[in-house]
Amino acid sequence: MKSLARAAFSAFRLSIRLRVISPWSYLNWLLFPLLFAAVGLYVLSGPGTVSSHLVYGVLGGGLIGYWSVTYIDAGNSIQDERWNGTLEQIFATPTPLSVIILGKVSGGLLFGLLAFVPTAALAFFGFHAELPALDPSRFVISLAILTFSFLSIALTLTPLFALWRWAFSMLNGFELGVYVLCGFMFPVAVLATWAQGVASVLGPTWAVRAIYASTVAGGPHDFAVWWAAAVGLSLLYLVVGYFLYALVEREARRSGELALA
Amino acid sequence: MPPQPAIEARQLRKTYITTRGVLRRERVNRVALRGVDLAIPHSELFGLLGPNGAGKTTMVKIFTTLLLPTSGTARVLGLDALKEQWALRRRIGFVFGGERGLYWRLSGLDNLRYFADLYRIPPEVSRLRIPELLERLGLAGRERDRVELYSRGMKQRLHLARGLLNDPEVLFLDEPTIGLDPVGARELRLIVRELADAGTTIFLTTHYMFEADAICDRIAVIKDGGIVAEGTPNSIKTLVQDQGVVEFEVVGMPVERLAGLRDLPGVKSVAVSEHELAQVVTVHCARPAELMTQLGVILDGINLQKVSSREPTLEDAYVQLIGDAQ
């Protein structure tokens, strides 16, 4: 168990190192979130808008950056491993692929959190937007649950990218879908009823709802239900992921798809 | 009861299923291994020779738990490579040829530390083993440089260091000297031979005959997924011991003369390769002395630059085996 924890930490450290030296990773946590935040803040701070919605401008860009780094980088890192020829090498070690991916995704999560720094700075200094009614403890708990939710999704989907090189291209749209469906930049209530139905089975929807609620005074707020929904759905994804890893391990060995050639 | 082999395959078969076509997808079965039987004793340096696509890498990947066979059994150190992969991965190492398979933007040391953790080697062990391997493989002093700054030979030695991190009882080397310069390749062969002498069982695939001849205890030749010969390099050479090889260099040899050469009694095969303006003709034949006397007639009026006769090599045996299998 100790050696597995060390392997996961080593994968985490490697993913951080590779991100630090890659100029592309700065696009995901710095540039893109800033663009989203700037547009959101500009629109939501204009005349005639509801002042309480400004919070979507303050946090929306950061949430997008956070999700983007976690999900896209998790997928990209697997593609990079394939191109480097290291995917087979790591697969053939005594450490299960799930443990290695856990480390890599955790690295993405840590890097993704950085996205909140430039977007919050832009909101504060550029638009003088603040969060006066912020409930710090509920905000932190909600963010931690969102992190768990992101982790569970990335952890569950990443093995598919390892097995099928086309899977990541197919699931690229999922990144954008989560922005929209989980209410990163506007309330889910404005979506069509069917879209709200889809959103309700996504763990981040509930965690994001709790995050925004923790910044607004008054209610009705039902944190316990939202947190439970986010955690419950995330655990469900992990159960699916457990079986998925077993499937991927078997299929990758059957088809030989880990190699590039 | 005879001792259990270090590596064993019984009726090992592998068929890859792929598709082709865009609108009308067609399923294609490509047979890579057709019922291979092998038994390699402990501490042996075993060479698997064969042309590209013969099934060498497929076999290595099955033994290293990267691939599942379609049928048959593969055992390494008594462990089933199909079902006991977790226990087996701790006890074997593998190195694939070529420059890929390393994190180029990280240092050699970072690469080794990372893989040491993935091999679940205790830190107190890896702290000693990594410097030892760097020293042994001539990488000491360059371990903190990024891998992208390494020469091809250094990258290959780093691959080998990675493959030796867990002090494997069995080491699989898939064309480890491919693309290396002669000096680098020779150094690597020496290291591999030393490892075998120290007791590591080594499974080496190559298509360099002299490499197999120089370092392997025993070899097998694989063609189209099947073993066509197996034995010591010398025993494989005896397959062509009744033959000799006559080589001559000519300029502008007409095709009909070559056909005439092929029709001579005792001639097994004739191969022609271009060498600048000249053609180098290699003739495998039963009675080289007789052929030499007949060459004068066949080559009458042709600019003959040099002619020689030699004993058959492992490569000659290999060429015949591969040719016979075709």
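Above this text you will find the structure in question.
Residues numbered from 1 in each chain as written. Chains lettered and ligands numbered in written order. Predicted model: local features only at pLDDT ≥ 70, side-chain atom pairs only at ≥ 80, totals over all residues. Heavy atoms only, no water.

Visitor: Help me understand the sheet that holds strand β4 (residues 71-76) of chain B, please; the structure alone is not making it clear to me.
Guide: Paired through their backbone hydrogen bonds, the strands of a sheet run either parallel or antiparallel. Residue and element names in this part refer to chain B. The strand order across the open sheet built from four strands is β2-β1-β4-β5, with neighbouring strands paired in antiparallel fashion. The outermost strands of the open sheet, each flanked by one partner alone, are β2 (26-40) and β5 (79-80). Note: β4 against β5, two bridges, orientation antiparallel. Residue pairing in the sheet places Val 76 in a bridge with Leu 79 of β5. Seen against the sheet, helix α1 (residues 56-63) touches β1 (7-20), β2 and β4 and runs at an angle of roughly 115° to β1. (Pairing = 2+ DSSP bridges. Helix = DSSP H or I, 4+ residues; strand = E, 2+ residues; numbered from the N terminus. Contact = heavy atoms within 4.5 Å. Axes fitted to C-alpha atoms, helices over the stretch in contact; angles between N-to-C directions.)

Visitor: Could you clarify how one ought to interpret the sheet that holds strand β8 (residues 201-206) of chain B in this entry?
Guide: Residues and elements named next belong to chain B. The six strands lie next to each other as β6-β7-β8-β3-β9-β10, forming an open sheet whose pairing is mixed. Of all strands in the sheet, those with a lone pairing partner are β6 (92-96) and β10 (226-231), marking the two edges. Taking each pair of neighbouring strands and ignoring which way they run, the sheet shows an average axis angle of 15°. In terms of strand pairing, strand β3 (residues 45-49) meets β8 through five bridges, oriented parallel. Bridge assignment links Gly 47 to a residue of β8, and that residue is Leu 204. Across the sheet, α1 lies against β3, β6, β7 (170-174), β8, β9 (218-223) and β10, angled at about 150° from β8, the strand it touches most. Contacts from helix α5 (residues 152-164) reach β6 and β7 within the one sheet, and its direction differs from that of β6 by about 165°.

Visitor: What is the right way to look at the interface of chain A and chain B in this model?
Guide: How big an interface is tends to be stated in terms of the accessible area lost upon association of its parts. Across the boundary between the two partners, chain A contributes 38 residues, which contact 35 residues of chain B. Carbon and sulfur atoms supply 55% of the area buried between chain A and chain B, which totals about 3,200 Å² over both sides. Among the residues chain A hides against chain B, the three largest losses belong to A:Gln89, A:Pro94 and A:Arg253. Together they make up 25% of the total. Linking chain A to chain B there are five salt bridges. A:Arg13 is paired through a salt bridge with B:Asp117; the nearest N and O atoms lie 3.8 Å apart. Where chain A meets chain B, there are 19 residue pairs in polar contact (both at pLDDT 80 or more). (Buried area = accessible area lost by both parts, 1.4 Å probe. Salt bridge = Lys/Arg side-chain N within 4 Å of Asp/Glu carboxyl O. Polar contact = N/O pair within 3.5 Å; in protein donor to acceptor, adjacent residues only side chain to side chain.)

Visitor: Sorry, what's going on with a nonpolar patch on the surface here?
Guide: Residue and element names in this part refer to chain A. Judged by side-chain polarity, Val 20, Ile 21, Tyr 26, Leu 30, Leu 31, Phe 32, Leu 35 and Phe 36 come together as a nonpolar surface patch covering roughly 640 Å² of accessible area. Of all the secondary-structure elements, those providing two or more residues to the nonpolar patch are α1 (2-21) and α2 (23-44). On the secondary structure map, Leu 35 appears in helix α2. (Patch = residues over 30% accessible without salt bridge, like charges linked within 9 Å, V, L, I, M, F, W, Y side chains within 5 Å. Areas by Shrake-Rupley, 256 points an atom, 1.4 Å probe, with all protein chains shown as cover.)

Visitor: Just checking my understanding: could you explain the environment of B:Gly55 for this structure?
Guide: All names here are of chain B. Checked against the element boundaries, Gly 55 lands in the loop between β3 and α1. Between the alpha carbons of Gly 55 and Arg 129 there is a distance of 34 Å; along the sequence they are 74 residues apart. The contact partners of Gly 55, leaving out residues within four places of it in the chain, are Ala 32, Leu 33 and Ile 222.

Visitor: I'm lost on the pattern of salt bridges in this one. Help?
Guide: Where charged atoms from two side chains of opposite charge come close, those side chains can pair. Counted by the stated rule, this structure contains 21 salt bridges over all chains. For B:Asp117, the salt bridge is made with A:Arg6, and the minimal N-O distance between the two is 3.8 Å. Separated into two different chains, B:Asp117 in helix α3 (residues 108-118) and A:Arg6 in helix α1 make up a pair that spans both. Note on A:Arg6: relative accessible area 22%, which makes it partly exposed. Where B:Glu249 meets B:Lys306, a salt bridge forms, and the shortest distance between an N and an O atom there is 3.9 Å. Residue B:Glu249 is located in strand β11 (residues 244-251), and its partner B:Lys306 is located in strand β14 (residues 303-310); the two are separated by 57 residues in the primary sequence. (Buried < 20%, exposed > 50% of the residue type's maximum accessible area, 1.4 Å probe, protein only.)

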